[in-house]
Amino acid sequence: TGLAADAVAESRLRATAEELRAGFLARGFAAGDVVLLGVEAPARREAILRALASTAGDDGELWLVLLGTSVPGRNGAPAFQIPGPRLTSADLVTALRGLEGRKRVVIATSQSGGFVPALAGLPQLEVVAATAENGELSEPRYGEAFAAALRARPADDFAALAAEAARRVAAFYSTNQLAQTEHATGWDAAAHRAVRLLASSTEGTSPVASAPRAMADRVAQPIAETRPPAMPEDAVTRLPANDESRRLLAEARDAAADSEYAAVVLEAEDTVDLTANGQARVLRRSRTFVRTGEALDRVASLQLPSDPPQVVPQFRRARIIRPDAGQVVFEPALKPLPDGADPRLVQLLRGMIELPEVEAGCVVEVEYVLELRTSGEACGFYREWMLGSEFPTKRQVLRCTLPVVEGWRWFAPNLPAPQEEQIGAGRRLTWTVLDLPALEAEAASAPARTWAPWVGVSGIASWDALAKWYRLIAADAMTAGPKTTELGRSLAAQHPARMELLRAAYERVAALRYVAIELGVGGFRPRTPDEVLGHRYGDCKDKANLLVALLRVAGIEAEFALVNRGETTFQEFPGMQFNHALVHVPAAPERGQAHELWLDATDRLALFGSVPTGDYGRAAFIVGTAGEPQFRTITNAFEEPVRWSETWELDPAQPGRARVVLNGQGGADEWLRRLFAGLSPAERRARMRALLGGAPRGCTIETVAAPDAYDLATSFSVTAEVRTGGALPAPCPPSLDDAFAAPERHQPLVLWEGRPWRYVQTVRGVEASGTAHAAAERSAGGFTFARLAQGAERTTEVRWSGGELPAAQYAAARAAYLEFLVTPSSP
């Protein structure tokens, strides 16, 4: 058994393992020959491979069952999730290839289908996986079904057990009226391809015939031939052109005549009706003109929002007005299914909808309904609606009816006040926006919610109510257990100095693998510190919770905080505006900590004391354990100033050759590490070439060397050997070329999240000019551009004072930058 999502899932895996043990004993295996790894203590790769190697030379029957979770590895091959290095398909192939006798392998994990083709070629081996190779991420029930089948029919052969387990899984989904999210996969040796054990959920409810010896005999449908079920013909009605369709088509062509976009949304209407108990019904209607075929994937293929039971969609109808004004009406959800129709059609209508006969030049009208339900585990209703889309919108209407109940509120920071009217027991708010631009951020823009039009509705009465709810659901998860207590005391004993202790605890937690498995209330409540330590993985809230617990055990007060990473939290609008968690350590000058610290242990590339990208300047909500919750702005008082250094060492003995060194300080260190982490040699050369300005310089990057980006104890610099072609390097401040590419902009420009920032290029070994020369500085919009030539060294510098550059000041700053680029660096 491998890693589980939480303690409940871990308990279920253990129960399945014990059930399998009982089944193998009933099959005739001796008790000493049934080995369970991962039940008493986490299974590790070495232990699994060692157990398999111990059977070498045995020509009997070997069974291997993996329970838990799998994910694609770096090369896309499947990997079994366990503490430490993961167990890959290549590991299993190597381990099983040299074993004698018959081998039976059951991969009862998510995303396990990729193991099948990898193992299928081994001699005397049969394999079954719980899921298809791609797309089936949910925790599968196949392991439990296989264990039950083995207990019930221990004498059956492997093929019969595999098929019986698949039948039991399908029957479970059918009986409970659930969409089947797992489909067991085997191998068809004759066709040499992966196949699905059961063709559909309907087959799963029928008894399986007496099992043939070969698994391929019971294959009903190859995976490669699986297609979505065809729509019934009576779902499509074709109508001739009429005056209305001709008028709408002509209006659409006029509206899109000067557009550069592949489509134009002519009209979009959302009608939202909310109830006091946190339920909502959304009726969506839209009319879009498909200008070119590039828009077909977005307009003709609808992916309705779906997250049952919280979000349940119902497609109603669509009308396609063809380029000749003929009409195609598509309304399958309104017609009864014919007898014998594939039940998967129902799921198709709730999720991915392929509209018929859509092509460039069509007008597409769509109507669907969303039922929104607040989970009983949530603090209260909270929802946001973004107006507009990736295409320009000629007219957008949002109607929202709120219950007249204390605590309910709306928020629309970038829109004019709505029209209000009384509707029954509620009040209706209506926003109408004309000529809405496409929602696309310009380079180096401020967070989208600060400038894009959106409306939020919240049934959460106050920040205090949200904090109390969070403390309630997380109360049992925030207590340090024996493992955490032992580690915290050990760190305190090893590091008596406060700052060293903080660094040691941070680096210990940051080194844990980031894995997000969030089911139900697990999306809010952190796992216990001991669970995270034992599994050696966790998501942001798990790692923040562990770090808080460790520091408190070690005698340092620390606070759990929520933040909207990469976005903005509007403090005047209480609601679940958060997507991330980190740790706040208040200042303690008397103990050697002069400033408060923000520790984000999620990101393994962020140095201790630095604020990772996405956190800086955000308002963090400190939940606390008692008293009033509070917001604090995330600052970087401990962080070094952001500085990007580019140093060129020219070799006078070898004209046209140079060594280039890149260094980062403060936030630039994290960015530089992120840019080069995990790259191949060829990718490093390509990345370095891009950072040095690319082809215009005429440079050839020969070699690039960089240390381990994840080794935070070692300073990080990247060194390249370069052929310059004889030309002196031009300055290339990172991000500025993109930021100043457009002649005008409409959104504020924000670099490095508004942190003060400096770029310094130093060129050494140039021909001495005799006297020092400083080119005149140019300043605009918070930017300062300067050059200095002195002897054999020339320095180029760009400074940015931080904050935001308003759109009105952009043109002047851009002109100064472009003038700076063409100014010579010496007289």
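Here, every reference points to the structure presented above.
Below, the structure is looked at part by part. (Residues numbered from 1 in each chain as written. Predicted model: local features only at pLDDT ≥ 70, side-chain atom pairs only at ≥ 80, totals over all residues. Heavy atoms only, no water.)

### Overview of the environment of G664
Here's step 1: Here G664 is to be found in strand 32 (residues 657-665).
Here's step 2: Relative accessible area serves as the criterion here: at 17%, G664 is assigned to the buried category.
Here's step 3: For the pair formed by G664 and V642, sequence separation is 22 residues and the distance between their alpha carbons is 7.6 Å.
Here's step 4: Once residues within four sequence positions are removed from consideration, G664 is found in contact with R643, D669, L672 and F716. (Helix = DSSP H or I, 4+ residues; strand = E, 2+ residues; numbered from the N terminus. Buried < 20%, exposed > 50% of the residue type's maximum accessible area, 1.4 Å probe, protein only. Contact = heavy atoms within 4.5 Å.)

### Considering the pattern of salt bridges
Here's step 1: The full count for this structure, using the stated rule, is 55 salt bridges.
Here's step 2: Residue R284 is joined to D270 by a salt bridge in which the shortest nitrogen-to-oxygen separation is 2.6 Å. Of this pair, R284 sits in strand 12 (residues 279-290) while D270 sits in strand 11 (residues 263-274), and the two are 14 residues apart along the sequence.
Here's step 3: The salt bridge involving D603 is made with R565; its shortest N-O contact spans 3.9 Å. Of this pair, D603 sits in the loop between strand 28 (597-599) and strand 29 (619-622) while R565 sits in the loop between strand 26 (559-563) and strand 27 (580-585), and the two are 38 residues apart along the sequence.
Here's step 4: On the accessibility criterion, R565 (23% relative accessible area) is partly exposed.
Here's step 5: Salt bridges linked by common partners bring E244, E267, E269, R287, R319, E365, R395 and R399 together as one network. (Salt bridge = Lys/Arg side-chain N within 4 Å of Asp/Glu carboxyl O.)

### Re a nonpolar patch on the surface
Here's step 1: Taken together, L818, L821 and V822 make up a surface patch of nonpolar side chains, about 250 Å² in accessible area.
Here's step 2: For V822, the position within the fold is in helix 19 (residues 810-822). (Patch = residues over 30% accessible without salt bridge, like charges linked within 9 Å, V, L, I, M, F, W, Y side chains within 5 Å. Areas by Shrake-Rupley, 256 points an atom, 1.4 Å probe, with all protein chains shown as cover.)

### Observations regarding the pairing of strand 32
In the case of a regular strand, side chains alternate between the two sheet surfaces.
Here's step 1: Inspection of the sheet shows strand 31 (residues 642-650) paired to strand 32 by eight bridges, in the antiparallel sense. In the strand pairing of strand 32, E646 is matched with L662.
Here's step 2: Between strand 31 and strand 32, which pair antiparallel and follow one another directly, the connecting turn spans six residues, one of which, G656, has a positive phi of 85 degrees.
Here's step 3: The pairing of strand 32 with strand 34 (residues 717-723) spans seven bridges and is antiparallel. Within strand 34, the position partnered with N663 by the bridge is S717. (Pairing = 2+ DSSP bridges.)

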